[in-house]
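Structure assessment
One letter stands for each residue in the lines below.
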Amino acid sequence: MPFDIPFIKPVMPPPEEVAADVSQIVSSNWYTNFGPFERRFREQIAAYVGEVSAATFSNATIGLQAALTVMLAGKPAGLVIVPSFTFAAGPHAIRSAGHQPLFIDIDPATLQPSAAHARSALNDYGDQVSAILLCNTFGIGTSVAEWEAMAQDAGIPLIIDSAAGFGSRYPDGHRLGARGDCEVFSFHATKPFAIGEGGALFSRDAEIATRAREFSNFGFSGLQGATAAGTNGKLQEINAAIGIRQLSRFDAVIESRRGVLESYRQVLESTGAGGLVPNADQSSVCFASVVFVDRDTRDHVVTSLRDQGIEARVYYAPPVHEQPTFADAAIAGDLHGTALISSRIACLPVYEDLPARALSALELATLKQ
Ligand SMILES: *Cc1c(COP(=O)(O)O)cnc(C)c1O
C-alpha cells in the first residue's frame, strides 16, 4: 500500500546539477577506480569529520567487511562482540571476514550496546573474542570512551558501525568518525546523508584507511598485485559527485531534521505515550525512534499512523539473533533489553518538508486509546 507520507524520502541534488556532473564524467571518460570526483569527495568528508584519513566504498557493508578484514588480518577465526539490536549488515560482514558474531544486549535506557554486557562477554569468552563491533544505534553517538578502554585492556580492535550517523555528534560534542580504530558510515539513499549507494571508513591511523581502500580494490598494493585479502567495493564517480553536492548543504539538512525531531518530542511530552532516544537531538536524525510505555501502546500507534497514511516502521524487530540465518550464532548472557525495546519501539518519518499532518496524526494516535 502506498503511503501519503512515506517513511523515507531521499532529497537528492537537482537533476540539472547531476546532469552537469554526468557530462563532466563522460567527457573525462573516468567512471570509477578512484577518479577526480572520488578524490575530492574523500578529502572533503575527511575534513568534515576532522583529523582522520578516509576510504570510500560502494556501500557500508563492504566498508565493514574491509574494517574487520584489515583489523583482523593474520588472526585465527574468532568471535566478534556485536549487539543483536542492529542492522544485519554488521553480523553479515563479521562472517564475510571469516569470524562469527557473539551477540550482546543493549542498555534499554539508551538503546546503545551495553558496556557491562560486553565486559561479561569478554570475561566468559576470553581469547575467543577477536574484536568488538560497537554500533552507534540509529546513528546516535554513544559514550565511546569506555569501549575504547575496554578494547585496549583486552588487546583487541574496536570497530564502530556508525552507518546512519554521518554528521551526528558524540555526547562530548565531537562529530562521529574519529573514534575507536575506525568508524564506518553508509551513504545509502535511506540515510540522512544520501548519495544512492556508497560508504566510507574513517580512521585516525592513515595506514588503516589505506589498507581498507586496498581491500576495496582487490587487495592490490603498488605494482605487486594482490598483497592482501580484497574484493571489488569501489565508489563510482557519479555517486561521489552527488556526495560533493550533498555535503555543501548538509548542515542545513541536519538542522531541519532536528527541528522535525523536536516537534515529535513536544507531541510525545504532551501525551506521555513514550519518549525519544537520549542524544538523538545531537544526531543527523535518520528517523524519530520512539520507545513507548508498553507494547500495546506501540502497536496501537503504529497501526493508527499507518491507517492515517503515515508509514511508521519498527526497527529493529526481529533483532538479528532471531533472524533465521543467525539462529545458531553465540549469545553472551541474556538479551532482555533487546527483547524489551523490540516490543516497544516505533520509528517515525523525518525529512525536511515532512507535512505537519504527521504530527497531528501522532497526537491523534497517542490520545485515542
Ligand atoms: C544502513 C546500515 C548498514 C548498511 O549500509 P549499506 O551502505 O546499505 O551497506 C549497516 N549498518 C547499519 C547500522 C545500518 O543502519
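Before going into details, it helps to say that this report is about the structure given with it. The written sequence of each chain sets the order in which its residues are numbered from 1. In keeping with the model being predicted, local features are shown solely for residues with a pLDDT of at least 70 and side-chain atom pairs are shown and tallied solely at 80 or more, while totals for entire chains, interfaces and linings include all residues. For the side-chain quantities, the full set of heavy atoms in the structure was used; hydrogens and water were omitted.

Before going further, it helps to examine the layout of surface pockets. Of the voids in this model, the largest pocket is the one considered here, and its volume is about 560 Å³. Cavity means a closed set of points on a 1 Å grid over the protein atoms alone, one where a 1.4 Å probe fits but cannot get out, pocket means an open set with protein on both sides within 12 Å along at least 5 of 7 lines, and lining means a residue has an atom within 4 Å of a point. If you go around the largest pocket, you meet 30 residues; those closest to its centre are Phe87, Ala163, Thr190, Lys191 and Tyr316. Take the lining of the largest pocket: its biggest share by element is 3 residues, from helix H3 (residues 60–71). Gly is put with the polar residues, along with every residue not named as nonpolar or charged; the nonpolar set is Ala, Val, Leu, Ile, Met, Phe, Trp, Tyr, Cys and Pro, and the charged set is Asp, Glu, Lys and Arg. Residue composition of the lining of the largest pocket, by class: 15 nonpolar, 11 polar and 4 charged. Grid points are joined across faces, edges and corners, and a volume is the space filled by probe spheres set on the points. Its boundaries defined by the atoms lining it, the second largest pocket holds a volume of some 250 Å³. In terms of lining residues, the second largest pocket is bounded by 17 residues, among which Leu122, Gly126, Val129, Ala154 and Ile156 are the most central. Contributions of two or more residues to the lining of the second largest pocket are made by helix H5 (115–125), strand E4 (129–135) and helix H6 (145–154). Counting residues per element, the lining of the second largest pocket draws most heavily on H6, at 3 residues. The class makeup of the residues in the lining of the second largest pocket is 8 nonpolar, 5 polar and 4 charged. To qualify as a helix, a DSSP run of H or I must reach at least 4 residues; to qualify as a strand, a run of E must reach at least 2; elements of each kind are numbered from the N terminus.

Salt bridges are defined by distance alone: a side-chain nitrogen of Lys or Arg within 4 Å of a carboxyl oxygen of Asp or Glu. Evaluation of the coordinates by the stated rule reveals 20 salt bridges. With a shortest N-O distance of 3.3 Å, arginine 95 and aspartate 328 are connected by a salt bridge. Of this pair, arginine 95 sits in helix H4 (residues 89–96) while aspartate 328 sits in the loop between helix H10 (295–307) and strand E10 (330–331), placing them 233 residues apart in sequence. Bridged by salt links that share partners, the residues Glu148, Asp172, Arg179 and Arg204 form one connected network.

Turning our attention to the pairing of strand E2 (residues 79–83). Only protein chains enter the accessibility calculation, which uses a 1.4 Å probe. A residue is then buried if its area is under 20% of the maximum for its type, exposed if over 50%, and partly exposed in between. Burial analysis of E2 places 5 of its 5 residues in the buried class, the great majority of the element. Burial along E2 is two-sided: Leu79, Ile81 and Pro83 facing one way and Val80 and Val82 facing the other are all buried. Any two strands between which DSSP finds at least two bridges are classified as paired. As paired elements, E2 and strand E3 (residues 100–104) share 5 bridges and run parallel to each other. Considered in E3, the bridge of valine 80 is made with proline 101. For the segment spanning E2, H4 and E3, crossover handedness is right-handed. Here E2 runs beside E4; their pairing, made up of 3 bridges, is parallel. From the neighbouring strand, valine 80 faces E4, where its bridge partner is alanine 131. By the criterion used throughout, a crossover qualifies as right-handed when its path from the first strand across the helix to the second strand runs clockwise, the strands pointing away from the viewer.

On to the pairing of strand E9 (residues 288–292). Most of E9 is tucked away: 4 of the 5 residues are buried. Where strand E8 (residues 274–276) and E9 come together, 3 bridges link them in antiparallel fashion. Along E9, the bridge assignment pairs leucine 276 with valine 290. Inspection of the sheet shows E9 paired to strand E11 (residues 345–348) by 4 bridges, in the antiparallel sense. The residue of E11 that forms the bridge with alanine 288 is leucine 348.

Here a residue counts as near a molecule or strand whenever at least one of its heavy atoms sits within 4 Å of it. Lining the immediate environment of the ligand, one finds 13 residues, of which Ala60, Thr61, Asp161, Ser186 and Lys191 sit closest. Alanine 60 is positioned such that a nitrogen or oxygen atom in its backbone is 2.9 Å from an oxygen atom of the ligand. Notes on the ligand: free accessible area 380 Å², of which the protein chains cover 88%. Occupancy of a cavity or pocket is assigned to a molecule whenever over half of its atoms lie within 2 Å of that pocket's grid points. If you map the ligand onto the pockets, it falls in the largest pocket. Residues that form the shell around the ligand fall into these classes: 5 nonpolar, 6 polar and 2 charged. Whenever a nitrogen or oxygen atom comes within 3.5 Å of another N or O atom, the pair is scored as a polar contact, on the condition that within protein one atom can donate a hydrogen and the other can accept it, and that pairs from neighbouring residues in sequence are kept only if both atoms are in side chains. Computed with the Shrake-Rupley method and a 1.4 Å probe, the accessible areas treat only the protein chains shown as cover for residues.

Attention now moves to empty space enclosed by the protein. Scanning the model with the defined rule gives 2 cavities of 30 Å³ or more in all. What the largest cavity holds in volume is close to 180 Å³. Lining the largest cavity we find 20 residues, and of these Pro10, Val11, Lys191, Pro192 and Arg257 sit closest to its centre. Here the lining of the largest cavity gets 3 residues from one element, more than from any other, and that element is helix H9 (residues 250–271).

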